[in-house]
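Here are the chains, one letter per residue:
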Amino acid sequence: MVMGTKTKRRKSKARFQHRTEPGAPPGTIVPDPNAPRCDLHLIAYDAQEHVELRIDDPREIPPLLERYPVTWVHVESVGDAGMICQLGQLFKLHRLALEDVVHVHQRAKAESYGSYYFIVARMPDPEKSWVTEQISFFLGDRFVLTFGEWPGPDCLEPVRARIRAGWGRSRAARPDHLVYALLDAIVDHYFPLLEDCGERLDALEDDVMGGPAANVMPRVHAVKRDMLTVRRAIWPLRDAINTLLRDATPLISDETRVYLRDVHDHTIQIVDLVESYRDISSGITEVYLSSVSQRTNEIVKVLTVISTIFMPLTFIVGIYGMNFDTQASPWNMPELHWYWGYVLVWVVMVAVIVAMLLFFYRRRWLA
């Protein structure tokens, strides 16, 4: 038995990747070639004691399964098809379920395979905001087998800490209670993300109300994208937990269903918050566009006023700039030879400007 080392978590890719060839037989397991090797972390416990190990060979698991009522095997990374197939043979898992474990683009769900339950969820990364990974659960009579998408710290560490310390019912309960605790830890880690989103929306509201800023729309788009990430993870998870509550199976006790109802309530609360934040972000977008439109209208209004003021001035200087010859005809602008003609033109133009400004002011066009 070898203690493994933690490796740096790999950020998941945003784009969809389907590695199985079209038309491949059902149950084909094609892991990500860039994924690191599998690392097995095992915790077996009863009410009096617990054992925590890192193992390299799945054949070390059966003795612990027989000795302890609850054995939790967590597989960090799904890049080793051979290891995953060995675990599938050991725990008698269906090939279709193993295929869903390896292809980490699954929708959250809960499926019964008779002697065990298969559950898929999206787990947030505690170190990288708005990055999620797929985590797969197998709930059996004496075991819980989980598969993480990549190695490193995860949001399941509080559950491990409670098992080590023996707090509450953590070591006295059955495997179904452990699955509840894991799901509860996953759901609870979405609340800090939503709090961060709420603070970002508050800052955006303040910026929009103060005037249209140039960087508002990229920030609003980032919030909407993050909300979409949470919505895609939580919305189907709510239905999956509801499936666990409805199905009559001996793998989940009535006492654990009470706790699962609490997790289900948390998922509904998260969905409500996501929808509220999406409405707020849409409202911020509308306010921003309205502010930009209003600002544009104000600029156009000022330019229109300036253009309107200069229209009669342009007419006056155009008339008196034609240089007619007053010697040829008395109708050829005799004002060109007036002694005060230049001053009079300026007086007329200033009077026109003042009169137009007073007119605009009385019509409230300058407010």
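For every chain, the first residue of its written sequence is number 1, and the numbers climb from 1 along that sequence. Local features in a predicted model are, by the rule used here, given only for residues with pLDDT of at least 70; side-chain atom pairs are given and counted only at 80 or more, and totals for whole chains, interfaces and linings are based on all residues. Side-chain measures here rest on the full set of heavy atoms in the structure, leaving out hydrogens and waters.

A word on the confidence of the model for the chain. Known as pLDDT, the predictor's confidence for each residue is given on a scale from 0 to 100. Looking at the chain, the pLDDT average stands at 85 and 92% of residues meet or exceed 70. What counts as a helix is a DSSP run of H or I of at least four residues, what counts as a strand is a run of E of at least two, and both are numbered from the N terminus. Mean pLDDT across the secondary structure elements of the chain bottoms out at helix α9 (residues 341–362), with 86, and peaks at helix α5 (residues 175–188), with 95. By definition in these notes, contact holds between two residues if any of their heavy atoms fall within 4.5 Å. Within the model, the stretch residues 1–14 combines pLDDT values under 50 with 37 contacts to residues more than four positions away or in other chains.

Turning to the sheet that holds strand β5 (residues 117–124), a few remarks are in order. Strand order in the open sheet formed by seven strands is β2-β1-β3-β7-β6-β5-β4, with mixed pairing between adjacent strands. Sheet topology places β2 (50–55) and β4 (109–112) at the edges, where each strand pairs with a single neighbour. The sheet shows a mean angle of 15° between the axes of neighbouring strands, direction not considered. Here the rule is simple: two strands pair whenever DSSP picks up at least two bridges between them. Pairing analysis gives seven bridges linking strand β1 (residues 39–45) to strand β3 (residues 70–76), with the strands arranged antiparallel. If you follow L40 over to β3, its bridge partner there is V75. Where helices are involved, their axes are fitted lines through C-alpha atoms of the stretch in contact, as for all axes, and angles between N-to-C directions lie from 0 to 180°.

On to the environment of E255, then. Looking at the secondary structure, you find E255 in helix α8 (residues 254–319). Taking the C-alpha atoms as reference points, E255 and H177, separated by 78 residues in sequence, lie 8.7 Å from one another.

The next subject is the pattern of salt bridges. What counts as a salt bridge is simple: a side-chain nitrogen of Lys or Arg found within 4 Å of a carboxyl oxygen of Asp or Glu. Under the definition given, this model contains 18 salt bridges. A salt bridge links K109 to E111, with the nearest nitrogen and oxygen atoms 3.5 Å apart. Measuring nitrogen to oxygen at the nearest pair gives 3.7 Å for the salt bridge that ties R257 to D254. Linking R257 with D254, this pair stays in helix α8, spanning three residues, or about one helical turn. Where salt bridges share partners, they join E52, D154, E157, R160 and R164 into one cluster.

Looking now at the side chain of E149. Assignment of secondary structure puts E149 in the loop between β7 (143–148) and α4 (157–165). Each residue is placed in one exposure class: buried if its accessible area under a 1.4 Å probe, protein chains only, is under 20% of its type's maximum, exposed if it is over 50%, and partly exposed if it falls in between. As used throughout, the charge tally considers Lys and Arg to be positive and Asp and Glu to be negative, leaving His and the chain termini uncounted. No salt bridge is formed by the buried E149; its nearest oppositely charged neighbour, R122, is found at 4.1 Å. Any pair of N or O atoms that falls within 3.5 Å is considered a polar contact. Within protein, one atom must be able to donate a hydrogen and the other to accept it, and sequence-neighbouring residues count only if both atoms are side-chain atoms. In terms of polar contacts, E149 uses its side chain to reach the backbone amide nitrogen of Q134, at 2.8 Å.

Our focus in this paragraph is the packing of α5 against α8. Relative orientation of the contacting elements α5 and α8 amounts to 15°, with a least axis distance of 10 Å. Relative to α8, the element α5 is oriented roughly parallel. Crossing hand, α5 versus α8: left-handed. Two secondary-structure elements touch here, α5 through D176, H177, Y180, L183, D184, V187 and D188 and α8 through T256, Y259, L260, D262, V263, H266, T267 and I270. Just so you know how the angles are binned, under 35 degrees is roughly parallel, over 145 roughly antiparallel, 65 to 115 roughly perpendicular, and the rest oblique. Here a crossing is called left-handed whenever its near helix is offset anticlockwise from the far helix by less than a right angle, and right-handed whenever the offset is clockwise.

Quick look at helix α6 (residues 190–209) now. Over its 20 residues, α6 runs 29 Å from end to end, which matches the ideal 28 Å to within 8%, given 1.5 Å per residue. Among all positions of α6, only Y190, F191, L193, L194, C197, G198, L201, L204 and V208 are buried. Looking down the long axis of α6, one finds its buried residues gathered within 145° of arc, a one-sided arrangement. Away from its buried face by more than 90 degrees, α6 exposes E195, E199 and D206. In this fold, the buried residues of α6 make contact with β5, β6 (132–139), α5, α7 (216–246) and α8. Residue G211 follows α6 closely and has a positive phi angle near 135°. Helix span, expected: 1.5 Å multiplied by one less than the number of residues in the helix. By construction, the arc corresponds to the directions joining the helix axis to the C-beta atoms.

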